[in-house]
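Fold and contact review
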Amino acid sequence: MAASPAYGEEKGGSSSLGEPEYGHDPASGGIFSSDYKRHDDLKEMLDSNKDSLKLEAMKRIVAMIARGKNASDLFPAVVKNVACKNIEVKKLVYVYLVRYAEEQQDLALLSISTFQRGLKDPNQLIRASALRVLSSIRVPIIVPIMMLAIKEAASDMSPYVRKTAAHAIPKLYSLDSDQKDQLIEVIEKLLADKTTLVAGSVVMAFEEVCPERIDLIHKNYRKLCNLLIDVEEWGQVVIINMLTRYARTQFLSPNQNESLLEESAEKAFYGSEEEDTKDAKAEAASLAKRKPYVMDPDHRLLLRNTKPLLQSRNAAVVMAVAQLYFHLAPKAEVGVIAKALVRLLRSHSEVQYVVLQNVATMSIKRRGMFEPYLKSFYIRSTDPTQIKILKLEVLTNLANETNISTILREFQTYIRSMDKDFVAATIQAIGRCATNIGKVRDTCLNGLVQLLSNRDELVVAESVVVIKKLLQMQPAQHSEIIKHMAKLTDNIQVPMARASILWLIGEYCEHVPKIAPDVLRKMAKSFTNEEDIVKLQVINLAAKLYLTNSKQSKLLTQYVLNLAKYDQNYDIRDRARFIRQLIVPTEKSGALNKYAKKLFLAQKPAPILESSFKDRDHFQLGSLSHLLNAKAVGYQELPDWPDEAPDPSVRNVEVRRAPQGAGVLGEPQKVPEWTKCTSREKRKEKVEKPFYSDSEGESGPTESADSEPESASEESGSSSSSGSSSSGSEEEEEEEEEEEGSGEQSEDKEEEEEKRTKRKEKEGSRKATSSEEASASESSSSGSDSGSEAEAKQRKVPPSSKAGPKEISLLDLDDFTPPPPQPVPSSSIVSTSLVTDLEGLMLTDTSLAPALLSPAFGAVRTYELLHRMAGEGLSVEYCFSRRPFPGDPHMVAVQIQISNNTDAEVKSLRVSEPKPLSGMRIQEFPEIERLAPGDTASVVMGIDFCDSTQAANFQLCTHTRHFYVSIQPPVGELMAPIFMSENEFKKEQGKLMGMSEITEKLTLPEKCRSDHTIVQQVTSAANVGRVPCGADNEYRFAAKTVTSGSLVLITLERREGTAAQLTVNSEKMVIGTMLVKDIVQALVQ
Amino acid sequence: MIHSLFLINASGDIFLEKHWKSVVSRSVCDYFFEAQERASEAENVPPVIPTPHHYLLSVYRHKIFFVAVIQSEVPPLFVIEFLHRVVDTFQDYFGSTNVGDQLPTGQLSVVPWRRTGVKYTNNEAYFDVIEEIDAIIDKSGSTITAEIQGVIDACVKLTGMPDLTLSFMNPRLLDDVSFHPCVRFKRWESERILSFIPPDGNFRLLSYHVSAQNLVAIPVYVKHNISFRDNSSLGRFEITVGPKQTMGKTVEGVMVTSQMPKGVLNMTLTPSQGTHIFDPVTKLLSWDVGKINPQKLPSLKGSVSLQAGTSKPDENPTINLQFKIQQLAISGLKVNRLDMYGEKYKPFKGIKYMTKAGKFQVRT
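Let me begin by describing the structure that accompanies this report.

Turning our attention to the overall build of chain B. Helices and strands together make up the secondary structure of chain B, namely 3 helices and 21 strands. For chain B, restricting intrachain contacts to residue pairs at least 6 apart in sequence, the fraction spanning at least 24 positions comes to 69%. Just so you have it, chain B exposes about 16300 Å², and 50% of that area is on carbon and sulfur atoms.

Right under this line is the structure:
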């Protein structure tokens, strides 16, 4: 602010650099006062008693500094005021000190005691600012004092002071790197800090001082992931970049198994075009030996917690998340970053520049990701040239057989641009498209040939160069073009183009036997006036002609070589001498002469036109090094994924915390002092809605606290139930281990209590076989011996519709090789009980339950929406995924699988003209732009059935056809499970007697008498949650209808023998009646 | 990270410098000046310039280069975004009258974007929904690409710690959004409601992109007839601007600019309304049209004189269009309601809609 007058004044000023400008200097007082006097004036003001005068003087001095004027002689006068009471003066004195202390170290020491006093001030702002200045003074002698101050500040009670301590660390380190060990201790301490304020700053210090000490991160990893969203934006960037590196050292590549899978699967699961099949084959063998890939829950945690930051307003944060996904996410999930990156293209041109560089690199590896945004890279005449050229690069990278015609049409307009550099780049781009896409090679070549008659010489020249490269690929077919180009030598002056033409004629002189010698004749005539590069090619042409057609060109060659012999340029003289020896047989030149023809007219490989961004991704994206394509100072290599994952338990933290009053489920219970209203709310919201990333098959918890084993189990539970890979047995075993061996790991008392009950339950269940866990183990055993719901799920999917490649929730399958048959599962029993317990914790959360209740999921039934005959090759099936529909809790999520069995592409698949009955609402799925033949897409739509079993009717449209279809929900799908305690259940049941109670007697068949089967049958018939029950012979379930939230309570009581009684209590009598029917049928069947 | 910062004005003077670590000599800027010379135009100076010992990262705004000197690896966007924020702050700071209180005081607060103890006698909250249409229209008038980018700018002057929620009638229109940090992301994810404790004063609440699936209404069309004849030093120039899909609203603030080819010496034109200027040095034609009256479409006709002896230009100029439509969000986005919690008084609330041309180009 002090600089403001200077800012305004100088804007229009035209002062040259070195010239003194007394007239402009507000401190001068008069034009004639000398330097010396001027400073006298200021000194006087500084010595005065009035703060206002001091302030004025300091403002002037700081303004001088800002303008690069030397104010060092004022040091003594200024430093005296360091103890000034006036805070404004003080601040400006600090600014001065930081600038000049290094130059006047002895004097600077005078001020140190003031800072030391400041460090003890009761006001946190003063403590912080004293530390800030102290650490900014680059005076080696005070290093010990700084060290001490930092150490103290690191344990300050104010997080703001601790943050400042973190800032001071790199400063001290740059002053004296011998302090490293001590500083690492402080960093370690601060890394353990739980406040968001400190997190970003300490990670920054870590990156500057000891980026190699990745071990310091282990214990803080989960905390950092969980805090991330609340850290200030600059801190987020630093943390995300560091965690990217961390993840690369600790986790396995999520893409390691895909190649294997792809080979074994009959059909590629997803059409990622950038597959490098060669590599895949090479690796397949080694991969076969590997264990199936299971994503580390911590790896997932990182991906999940960074994703929302793609919505940040800060371009650096968005870029950081984008590079994290690019480097760490499974291929199928990387796509989410494209939209955010494209958004950044609306920002300032500097931001565009950096983003486009990164997009250019990414688009080579993952072209599919940006294809939908092709048009966002179209070029406007108002774009700066450097942006145009980068966009062109991206467009070229994105070109493929399907979009090439659009792109070429676009290029055509670019060629007429007034910006000639851009036109030249466009021509290059056309050349690259022509090399990469064989189909359009001739079109491009023709287009370029037309450009040869362009009025602009630069355009012609560039075209010549590109045509030359293209012709090298198939010269025989294009002698016409070569002839045409030969004629151009008369007009075209650009050296590079002339040289290219000459080379072409020389190389393919057999195709133009008549013209070639004539061109040589003309060139010989103008030889002396040509540029060097052209001369060299004239010699080259002469040599080649001499070898092929010596009759006509002997004399000309002699002539050219003679001219070259006396050329000014030594390269040309050298070349002439060398060539003469080679081609003209003399006595001395022996052996080589025979090979001259072979030497000159050897088959030359066609040049490969490739992007300069190829393979640039070995640099961490978003980094300076990537942008420069050169390693910058201090760049930390992005390590390769390890072959074996290091021990994940290093990230477990043993912390004990006080119980939380409002504790809801096993989510991070910490609501530390800094997370007041807003973040607390955020957290709660998270709990209520943990499925926001529905598309990823992580309907499970979004939260996983620092270290509870629960988090792991949640993870596995949810991911397996969503049909993903992970139900791998090891993980469950791990949970068991963790659970049993680690009472001390539990996070708070509440949870510990949970565990205790759980353990009790477990024992109980072992005795009485009547516990919830039965349900899960049941389902897994029913799914043969593999114990994997995922597999079971897979089996459900009809063979015609391979696991939908578009549906991301299924995509984790790609990382999944079926786990080896597993003789089961005491472990799975444990984990399920754990799951049930968790469920118990989640009073507010209805969404987790269905995902966690594996039996429910194991029994997902698919219904036909459109038969492939009726749909003319398009077959559509749907199932009720029993996951909450994102965006509207009153809707039932219907997962729709569309398979294209035709042999043509189906375009723009969408829902149209829903004709819902009154009150019913339909949320269509996003239009599927195209579905390749044989492909299957899976989408989710939401329907609010209004708690009725009336069918929802709508039309399913393709670009050519409309099909009338309807979805009729079984009554059991109109509800979502809730959890309640036994007492609550009884209480609620008491309210729903009389008309609201429906009872039915039934006889349980032979096969349906075990607890497992009963629970499974009920939960498969209806989307309900189990309620604990004291009695052995009773089963209770509870749910709420999706639309109105009315309670549905189910009780199944076993009488003697095979008799049983089913009771349903619900306000909604119709639902109750139908539900009884459905459940009875399921049980009796 | 940032070692030093230099501010360089249009005439190439370093008029301000600031060093956070040891002083870096001004001479480092010579590398920048070299690059500037090579680039010919300011906007083409590479934002990142490597030098033997430093890296220069710069942004160009208000005809001033802000050049940051970096010594080691750092994400370039980190610096660039930061510099832009610095400029934004300067702009706010020097632009507004009440200097002094505006500096951020929230560093210690739980809501760092809002200062505490805010008091107003009139409590008011205004929201401007502003949408820009980016489009490229081809020669024949068909749309090559068109998209809508929108922002909601807010001016909130409310006492205390108000907690606001803003909901839309049709939130599904919003395809891609980015928020001010005050917005609670989860709430948006789950309910499509913007819930936030607002900063005090002016701020951008949200920027959004309207889903590409929706067709973009193009509110204006341009009819053009620009021809240069061979062997003639005269060309014909005629453009007419008219309303297309305006939802019954008036198109105003229309401004047409076009960069003429180098061969154009001068233009003799007559507008049916508004004023026009052709700058024979930069070859830039601009026509300030004003309002479009659908009954009497504005046109600009006349002749172009070309440099004698040269062949006619290959390329036709692109036409850039600016316009404004009040009280219309072209995407159809509508705010449903705005509620305030946490404070007892009744605030005055206002929502305004506007549609503007973004990068709106017509190829000819």
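Broken down by element type, chain A carries 47 helices and 15 strands. In chain A, buried positions account for 60% of the 1085 residues. Relative to all contacts within chain A whose residues are 6 or more apart in sequence, the contacts with residues 24 or more apart total 68%.

Now for the packing of helix H3 (residues 51-66) of chain A against helix H5 (residues 87-100) of chain A. Residues and elements named next belong to chain A. At a closest axis distance of 9 Å, the pairing of H3 and H5 adopts a crossing angle of 30°. Considered as vectors, H3 and H5 are oriented roughly parallel to each other. In this structure, H3 crosses over H5, and the sense of that crossing is left-handed. Two secondary-structure elements touch here, H3 through Asp51, Lys54, Leu55, Met58, Lys59, Ile61, Val62 and Ile65 and H5 through Glu88, Val89, Leu92, Val93, Val95, Tyr96, Arg99 and Tyr100.

Frequently, the measure chosen for interface size is the accessible area removed from exposure when the parts meet. Chain B puts 93 residues into the contact, and the matching count from chain A is 94 residues. At the boundary of chain B with chain A, the tally comes to 6 salt bridges. In this structure, Arg343(A) and Asp176(B) form a salt bridge, with 3.0 Å as the shortest nitrogen-oxygen distance. On the surface where chain B and chain A come into contact, there are 33 residue pairs in polar contact (both at pLDDT 80 or more).

Where the residue is not glycine, phi is negative for most of them; where a peptide bond is considered, it is trans in most cases. Residue and element names in this part refer to chain B. With phi around 50°, His62 is a residue other than glycine that occupies positive phi space. Assignment of secondary structure puts His62 in the loop between strand E4 (55-61) and strand E5 (64-70). His62 sits in the partly exposed class, given a relative accessible area of 43%. A positive phi is found at Arg192, a non-glycine position, where the angle reads about 55°. With respect to the helices and strands, the residue Arg192 is situated in the loop between helix H3 (185-191) and strand E10 (193-196).

The next point concerns the environment of Met941(A). All names here are of chain A. Positionally, Met941 belongs in strand E7 (residues 936-944). The buried category is assigned to Met941, whose relative accessible area is 0%. C-alpha of Met941 to C-alpha of Val892: the two residues are 49 residues apart in sequence and 8.2 Å apart in space. If sequence neighbours within four positions are ignored, Met941 has contacts with Phe885, Val892, Ala893, Val894, Ile896, Val911, Ile922, Gln923, Glu924, Phe925 and Phe954.

Residue and element names in this part refer to chain A. Counted residue by residue, strand E4 (residues 906-912) has 5 buried out of 7 residues, so it is predominantly covered. Here E4 pairs with strand E8 (residues 952-957) via 3 bridges, running antiparallel. Bridging across to E8, Ser912 finds its partner in Gln955.

Here we take up helix H9 (residues 159-175) of chain A. All names here are of chain A. In a regular helix each residue adds 1.5 Å, so 17 residues correspond to 24 Å; H9 covers 25 Å between its end C-alpha atoms and thus fits that length. Every buried residue of H9 is accounted for by Tyr160, Val161, Arg162, Lys163, Thr164, Ala165, Ala166, Ala168, Ile169, Pro170 and Leu172. Where H9 is buried, its residues touch helix H7 (124-136), helix H8 (143-154), helix H10 (180-191) and helix H11 (196-209). N-capping of H9 is provided by Ser158, with a side-chain oxygen placed 3.1 Å from the backbone N of Tyr160.

Rules and cut-offs
- Residues numbered from 1 in each chain as written.
- Chains lettered and ligands numbered in written order.
- Predicted model: local features only at pLDDT ≥ 70, side-chain atom pairs only at ≥ 80, totals over all residues.
- Heavy atoms only, no water.
- Helix = DSSP H or I, 4+ residues; strand = E, 2+ residues; numbered from the N terminus.
- Contact = heavy atoms within 4.5 Å.
- Areas by Shrake-Rupley, 256 points an atom, 1.4 Å probe, with all protein chains shown as cover.
- Buried < 20%, exposed > 50% of the residue type's maximum accessible area, 1.4 Å probe, protein only.
- Axes fitted to C-alpha atoms, helices over the stretch in contact; angles between N-to-C directions.
- Parallel < 35°, antiparallel > 145°, perpendicular 65-115°, else oblique.
- Left-handed = near helix turned anticlockwise from the far one by under 90°.
- Salt bridge = Lys/Arg side-chain N within 4 Å of Asp/Glu carboxyl O.
- Polar contact = N/O pair within 3.5 Å; in protein donor to acceptor, adjacent residues only side chain to side chain.
- Pairing = 2+ DSSP bridges.
- Expected span 1.5 Å × (residues − 1).

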